[in-house]
Amino acid sequence: MNSKHTIVRNTFFYAVALALASCATVSKPGSDVTLENLRAFEISFVDQFAVPGKRFDAAAFDAKVAQGNAIFQDAINNEKFSARKPVLRDLAGQFKAEAAHLRKKASTGKVTKALATEMKRDINDNFDNATAKKAE
Amino acid sequence: MPPRKKQNKRAKVRPKKKKSSELDSVLDQVSDSTVADAKEELQTLLADAKGNSATFYQQNAQKLEERLILVSKGELDQDDFNFFVENQKRAAQIFIDSQPPQEQERAEKLTIHLLEVAATKIVPVLIAAAL
């Protein structure tokens, strides 16, 4: 009797937790999802090209930068709230600056592990600030 | 019953000696007398920023300090450092603009000025010392 009661109770809690988790996912604002996508793209860009000792592939690099610029531009164009566009423009500008620095370093074989780590640290801080700004 | 450990009461109440940071040790190795003033200014500004109650100052100073250490180890060069300083300055400018007018001068000193002292006066010496 007691164990049956425990199973029923646990099932109920599990169902409630599942419902809450799905609500949280569904109710996440669309622009936050976009920010997270942009963050993930930028981090993967650094992971791909800021690798010490890796041969620099200019064509692949430029293609990825063009893809990044397009993604940022789409995010700016699709942002429904005009007040949020400057935040996205800032992030797009930071991506361009980062790409320019990384190109200079990677093409001359001067990438260090610390450079990659610190770049990702700044990217995360920038996106954290942007997310916080949107919540204001 | 095991014998009671003798406690050193005096040691308990004695205030802890302030630990010198890793950056202090790095800066101590810089013997160039021409940058003595810059070194002192950097250390004073860093201490002020880290002791400030606003998180932004603390984080900005912490990041700067860690990057100076990376420079001293040869893991970041002047070019990298300048790039990161520009990032920090951009964030600092937004922070300064958000401060009340009477606070802005101090905010500028503890952020942008601090970053510039590090980039223009300290990093070149650290790089020369690391070579």
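Residues numbered from 1 in each chain as written. Chains lettered and ligands numbered in written order. Predicted model: local features only at pLDDT ≥ 70, side-chain atom pairs only at ≥ 80, totals over all residues.

A. The arrangement of the overall build of chain A in detail. The helix and strand tally for chain A stands at 5 helices and 0 strands. Taken from the N to the C terminus, the helices and strands of chain A come in the order α-α-α-α-α. Taken across its 136 residues, chain A has 21% of its residues classed as buried. Of all intrachain contacts in chain A linking residues separated by at least 6 positions in sequence, the fraction that spans at least 24 positions is 74%. (Helix = DSSP H or I, 4+ residues; strand = E, 2+ residues; numbered from the N terminus. Buried ≥ 20, exposed ≤ 12 C-beta atoms within 10 Å, placed from the backbone. Contact = placed C-beta atoms within 7 Å.)

B. Structural context of the overall build of chain B. Helix and strand counts for chain B stand at 6 helices and 0 strands. Shown N-terminal to C-terminal, the secondary structure of chain B runs as helices and strands in the order α-α-α-α-α-α. Residues classed as buried in chain B amount to 30% of the 131 residues present. Considering only residue pairs separated by 6 or more positions, chain B has 70% of its internal contacts joining residues 24 or more positions apart.

C. Structural view of the nonpolar core. Judged by nonpolar contacts, the single largest core of 51 residues is most densely connected at Ala50 of chain A together with Leu114 and Ala118 of chain B. A total of 10 residues in this core trace back to one element, the largest contributor, which is helix H6 (residues 101-130) of chain B. (Core = buried A, V, L, I, M, F, W, Y, C linked by C-beta atoms within 7 Å.)

D. How the structure looks around H6 of chain B. All names here are of chain B. Taking 1.5 Å of rise per residue, 30 residues should cover 44 Å, and H6 covers 41 Å from first to last C-alpha, within 8% of that figure. Remark: the principal bend of H6, roughly 45°, maps to Ile122, with a proline, Pro124, within the next four residues. Residues of H6 that are buried: Ala107, Leu110, Thr111, Leu114, Leu115, Val117, Ala118, Ala119, Ile122, Val123 and Leu126. (Expected span 1.5 Å × (residues − 1). Bend = angle between axes of the 7 residues up to and from the residue.)

E. The packing of helix H3 (residues 36-51) of chain B against H6 of chain B, seen in detail. All names here are of chain B. For the pair H3 and H6, interaxial distance at closest approach is 10 Å and the crossing angle is 150°. Read as a crossing pair, H3 and H6 show a hand that is left-handed. Within the contact between the two elements, H3 uses Ala38, Lys39, Glu41, Leu42, Leu45, Leu46, Asp48 and Ala49 and H6 uses Leu110, Leu114, Val117, Ala118, Lys121 and Ile122. (Axes fitted to C-alpha atoms, helices over the stretch in contact; angles between N-to-C directions. Left-handed = near helix turned anticlockwise from the far one by under 90°.)

F. Expanded view of H3 of chain B. Residue and element names in this part refer to chain B. Given a rise of 1.5 Å per residue, 16 residues ought to cover 22 Å, and the 22 Å separating the end C-alpha atoms of H3 matches this to within 8%. Buried within H3 are the following residues: Leu42, Leu45, Leu46 and Ala49. Viewed end-on, H3 has its buried residues packed into an arc of 100°, placing them on one side of the element. Residues Ala36, Asp37, Glu40, Thr44, Ala47 and Gly51 are exposed on H3 and point more than 90 degrees away from its buried face. (Arc of directions from axis to C-beta.)

G. Looking closely at the interface of chain B and chain A. On the chain A side, the residues contacting the 9 residues of chain B number 7 residues. Listing elements by their share of the side of chain B that touches chain A, those giving two or more residues are helix H4 (55-72) and helix H5 (78-97) of chain B. Residue contributions to the side of chain B that touches chain A peak at 5 residues, all from H5 of chain B. A class-by-class count of the residues in the side of chain B that touches chain A yields 5 nonpolar, 1 polar and 3 charged. (Nonpolar A, V, L, I, M, F, W, Y, C, P; charged D, E, K, R; others polar.)

H. Broad picture of the confidence of the model for chain A. All names here are of chain A. Considering every residue of chain A, the mean pLDDT works out to 85; 76% of them sit at 70 or more. The spread of mean pLDDT over the elements of chain A runs between helix H1 (residues 2-27), the lowest at 56, and helix H3 (residues 58-78), the highest at 97. Confidence over residues 22-27 falls short of pLDDT 50; this stretch has 0 contacts with residues more than four positions distant or in other chains. (pLDDT = per-residue confidence, 0-100.)

I. Just the packing of H3 of chain A against helix H4 (residues 85-107) of chain A, in detail. Residue and element names in this part refer to chain A. Contact pair H3 / H4: the axes reach a minimum separation of 9 Å and the direction vectors enclose 175°. In terms of axis orientation, H3 runs roughly antiparallel to H4. Here Ala58, Phe61, Val65, Gly68, Phe72, Ala75 and Ile76 of H3 lie close against H4, whose contacting residues are Lys85, Leu88, Arg89, Leu91, Ala92, Phe95, Ala99, Arg103, Ala106 and Ser107. Looking at side-chain class alone, the contact of H3 with H4 contains 12 nonpolar, 2 polar and 3 charged residues. (Parallel < 35°, antiparallel > 145°, perpendicular 65-115°, else oblique.)

J. Local environment of the confidence of the model for chain B. The predicted model of chain B has a mean per-residue pLDDT of 87, with 84% of residues at 70 or higher. This prediction of the complex comes with two scores: 0.80 for pTM and 0.82 for ipTM.

K. Here's a closer look at the environment of Thr55 of chain B. Mapping Thr55 of chain B onto the fold places it in helix H4. Residues Thr55 of chain B and Asp28 of chain B, spaced 27 residues apart in sequence, show a C-alpha to C-alpha distance of 27 Å.

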